[in-house]
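# Observations on the model geometry
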Amino acid sequence: MRLKVVCLLAALGSAPALTQVRDRLVPALGASQRLSGVLGARFALASRELERRLEQAANEGGEQLAVLVEAGAVMWEGDVQGPRGDLLARAAVRLAGESSKWRNASSLRRGLSALLAYYEASGGRQALEAARRVADWASHSAPAWWDRDLGPAPLAGVACALFRHTGERRKLTQGISATMDQPQAPRLLRALWENGKLATREGVAAEEVLASLTGLVELYRLTGEDAYLSAAKKGWQQIVAEHRYITGAVGWRGRLRGDGMLPGEPGAEVGDALVTAEWLRLNLELLRVTGESRFGDEIERTVYNHLLALQDGVSGAWAAHAPLLGRRRFGSDADERSAGTGLAMAIARKAVWGTLAGGPAIVLYVPGEAVFRPQVQGAVREIRMTSETGFPERGLVRLTIGRGGSGPYPVYLRVPGWCGRFVAKTGGAVAEGRAGEWLKLERGWKEGETIEIEMDMGARWIRGEPSYPGHVALQRGPQVMALEATANPGLMFLHRAAPETGSELQLGETPGRPNQGAGRPSYAVAGLAVTSVARRQVVARTKLFFVPFAEAREYRVWLPEPGRLVLGPVAVTAFCKEATSGDGPVQDSICDERSDTYRTARGNGQEGSWYAVELDRPEWVDRIVYRHGKVTREGGWFDTTKGKPVVQVKRSRDGAWETVGRLETYPNTNGKEPPTLVDGQAFELKLSEPLQVVGIRVAGHPGREYSSCAELSAYGAATGTATVSSREGAGSRTRLAQRKQVANRQ
């Protein structure tokens, strides 16, 4: 049966008339805002870093140029002049000159989006003409560059923008309209219309899926067809339910998994910065066209957690992704993925304040000042408001009506979804808001009047299932918290600590962080930690200090519940940087202290199939343990007909790999018959003498298509004194009494 839907993009090429749907929420112009506090400082850092990177890219070009041009155009909206405007103009000219290199859907979308954003910000006609030329090429060369699931859907948004600026219905769409007709519509969109589910292959690019959903919102704006908006909302709901981390990140290694798992280790490359930019863009556009508070909730979650974690709060440097445990690393200046942090920052800056249904609307609670321009009684008014708050550390906000603010109109306050109690007081009246909705305050206002807001900033435990069963994470207000190394100098191992209880929570605020002197507060929780007494591991009661995830450097978010606290050898390689000879179908972590997750690797010439872990600092080790992953019909083991798997080490960062032994206990296998191996089975190499290393590696010939590895670990005498059974899983669980010290089994 043919789908009863409006033809995507074909509407732009053949519809007799198009309707412009007005946005319900209109963001305040960047030039009309002055922001301070945490977000104000971070946006200022982002603007400076953007100028520095854009200067470099304008001179050298490169893949990050399009992302940086769009970021600059959005970040400096309404203020593209002077030296900053000249820089952006030079970069845009260079970008237009590189347009012949855009030969896939991602580069086409980013390039067109940047040119059109620059045109909107500056009025530069050359950028619009360059966009026209690229659109014509894309029309005539389609469908060579389409994704098999998404088709041209990721370009729907830029196609709509081009139409708005030119009124030319055939640009970009003339070569693809027929293919986008009902029977041939992309599988992703057909499924959304038919059953409300995203239908993509395993590992589809998250950035392109999100761009496709944003394109549907843009089509709704142009056509007024509710089917487009409905499909975009359904896709958004599935992203939130299955692909969004608690920190607001989306995607694993830049892709969407099909199993609902959200691994947080460094190797998972959590929340690629370009994906984060598209996620914020989708939520902002949905917020604009619908005015629904829930999209503001998602913006707040992402901004105060994942987005700020992608930026060094001191230097302003950007990261390409931010794991939920491990160590934070910031990318190189030429890294296209980390450049997405600048674009995400620019988009987030547009989502702070705006106007909604005839009055000012507060989306994010930030100190500063803004000019709102709502339409009141048929005329546009300029209303100045100031905001004083210590949010997100404090839940108190004071809004003051400034110049031009006398008269009757509504003020809208977003009540966060996490907020248990939200009270607004003004003029002797008290109003309570409901979580996840707007609180509308409508009255005759006077200049100088204030609105006093009090939010409950309560803390709660979040359970980790299904990705981290038996684990919990701490959230306070909008912020996910992290157990951070510098705040806990007395902890031997961050991943061997647990809250004393995973249910009732008493959070204590400490004015200055331990071992850091005065500064922003940390938050203390009663906990348990594995420590060493007389060379024996014991569990002791202690205080655990948490800091906001966005500020942590060496940390972990997911903590085991007390009954899942682990005793036993501690690997110096835990949560370090990992790599393989070539990714196979399963790409979970090999240094997450868990044997129930694994990774596969295809062969790479003479080096065979290998797994490596590089340490953050040199460590002395005396044994190395490889744990088998999983055998499948396609592979998952080492073929030993040419020799047992070898173990190698690297002694310096730039040094060569040296073979230090073989896994002689690994069974004799061949490349055809699947061997009998237990998932997580351990094979150990004891070194003849301790070695100081910065990396370890195991290599062999893959059985069939690939090998597998659950864990690759190195142990030193001080941390790995307990013996390891060849069949004992890493992270084997030991039940512990909460109040009793338990000695390590020898």
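Heads up: the structure comes first, above all this text.
Notes on the structure follow. (Residues numbered from 1 in each chain as written. Predicted model: local features only at pLDDT ≥ 70, side-chain atom pairs only at ≥ 80, totals over all residues. Heavy atoms only, no water.)

## Side note on the sheet that holds strand β35 (residues 707-709)
As summarised here, the arrangement of the 3 strands in space is β28-β29-β35, forming an open sheet in which the pairing is antiparallel. The sheet is open, and its two edges are formed by β28 (583-587) and β35, each paired on a single side. Within the sheet, the average angular offset between the axes of one strand and its neighbour, ignoring direction, is 20 degrees. Note: β28 against strand β29 (residues 599-601), 2 bridges, orientation antiparallel. Bridge pairing in β29 links Asp-583 to Ala-601. (Pairing = 2+ DSSP bridges. Helix = DSSP H or I, 4+ residues; strand = E, 2+ residues; numbered from the N terminus. Axes fitted to C-alpha atoms, helices over the stretch in contact; angles between N-to-C directions.)

## Side note on the pattern of salt bridges
Taken as a whole and assessed by the stated rule, the structure comprises 56 salt bridges. Between Arg-281 and Glu-278 there is a salt bridge, with its nearest N and O atoms 3.0 Å apart. Remark: Glu-278 and Arg-281 occur in helix α11 (residues 273-290); sequence separation between them is 3 residues, near one turn of the helix. The pair Arg-281 / Glu-278 is uniform in exposure class, with both members buried. Between Glu-554 and Arg-617 there is a salt bridge; the shortest N-O distance is 3.9 Å. You can see Glu-554 sitting in strand β25 (residues 554-556) and its partner Arg-617 sitting in strand β30 (residues 609-627), a full 63 residues away along the chain. Given a relative accessible area of 39%, Arg-617 falls into the partly exposed group. Put simply, Glu-70, Arg-109, Arg-110, Glu-207, Glu-208, Asp-272, Glu-278, Arg-281 and Arg-337 are held in one network by salt bridges that share partners. (Salt bridge = Lys/Arg side-chain N within 4 Å of Asp/Glu carboxyl O. Buried < 20%, exposed > 50% of the residue type's maximum accessible area, 1.4 Å probe, protein only.)

## A short note on the layout of surface pockets
Over the atoms, a rolling probe the size of a water molecule traces out where space has been left empty. Approximately 1400 Å³ is the volume found for the largest pocket. Lining the largest pocket are 48 residues, with Asp-23, Glu-120, Glu-285, Arg-288 and Lys-350 sitting closest to its centre. Among the secondary structure elements, those contributing two or more residues to the lining of the largest pocket are β1 (25-27), α3 (65-75), α5 (105-122), α7 (156-166), α9 (206-223), α11, β6 (353-356) and β8 (368-372). Ranked by residue count, the leading element in the lining of the largest pocket is α5, at 6 residues. Grouping the amino acids of the lining of the largest pocket by side-chain chemistry returns 22 nonpolar, 10 polar and 16 charged. Forming the walls of the second largest pocket are 28 residues, and the residues nearest its centre are Arg-327, Met-492, Phe-493, His-495 and Glu-554. (1 Å grid on protein atoms, 1.4 Å probe; cavity = no way out; pocket = protein on both sides within 12 Å on 5 of 7 lines; lining within 4 Å. Points joined across faces, edges and corners; volume = space filled by probe spheres on them. Nonpolar A, V, L, I, M, F, W, Y, C, P; charged D, E, K, R; others polar.)

So, to be careful, I would describe these as geometric facts and stop short of saying anything about function.
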